[in-house]
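Descriptive structure summary
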Amino acid sequence: MSQLNAIYVDTEGNISCRKGDSGYVYVTGIPTDDVYTVSLGVVNPPDRAILNETSVSSNQQSEVQIPISVEFTESLGVGRFYYGIKLTGTDGVEQTVIPNAYMDDEGQIEIAAPKTFTVKPKLAEGL
């Protein structure tokens with residue numbers, strides 16, 4: 001039996017769902033020195049235009065749950081997009097967290113494949 005209304009995040013950090021699904025994306029490792037607005041933005045790959053964004057307050061906690069609403073996934077349409085996470089402190093300074101960047105053993109920033117947010121078509125219910 002398939003699970004309805006779910007957001008799936010694989011081990012690589014890629015997100016997938018069906019159009020109209022809802023759920024949460026968990027973000028960890030947030031600095032606790034300030035109250036940050038933590039935003040998840042989805043962009044269109046060709047032109048990097050932001051298609052939708054949702055935000056929550058960190059309340060000086062190191063992890064948050066970002067709700068992904070039905071309206072959020074409905075507005076994206078069906079397709080494969082990229083996403084990013086942004087932290088904004090009370091001073092208004094934005095820190096973009098690039099989900100496809102990591103630090104190698106020598107302290108150098110490496111860029112891996114961009115993280116995707118895939119929206120699949122709705123399934124017919126009751127068939």
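This write-up is about the structure you can find in this document. What you see is a predicted model, and the numbers here were worked out from it, not measured in a lab. (Residues numbered from 1 in each chain as written. Predicted model: local features only at pLDDT ≥ 70, side-chain atom pairs only at ≥ 80, totals over all residues. Heavy atoms only, no water.)

A word on the overall build of the protein. Across its full length, the protein carries 1 helix and 11 strands. Within the protein, buried positions represent 35% of all 127 residues. In the protein, of all internal contacts separated by at least 6 residues, the share reaching a separation of at least 24 is 62%. Counting only carbon and sulfur atoms, one obtains 49% of the accessible surface of the protein, whose full area is about 8000 Å². (Helix = DSSP H or I, 4+ residues; strand = E, 2+ residues; numbered from the N terminus. Buried < 20%, exposed > 50% of the residue type's maximum accessible area, 1.4 Å probe, protein only. Contact = heavy atoms within 4.5 Å. Areas by Shrake-Rupley, 256 points an atom, 1.4 Å probe, with all protein chains shown as cover.)

Moving on, we come to the pairing of strand S2 (residues 15-18). Bridge count for strand S1 (residues 8-9) against S2 is 2 bridges, and the pairing is antiparallel. Directly across from Tyr8, in S2, lies its bridge partner Ser16. (Pairing = 2+ DSSP bridges.)

Negative phi is the rule for most residues except glycine; trans is the rule for most peptide bonds. One non-glycine residue, Asn59, lies in positive phi territory at about 50°. Within the secondary structure, Asn59 sits in the loop between strand S5 (50-57) and strand S6 (63-68). Non-glycine residue Gln60 carries a positive phi angle of around 60°. With respect to the helices and strands, Gln60 occurs in the loop between S5 and S6.

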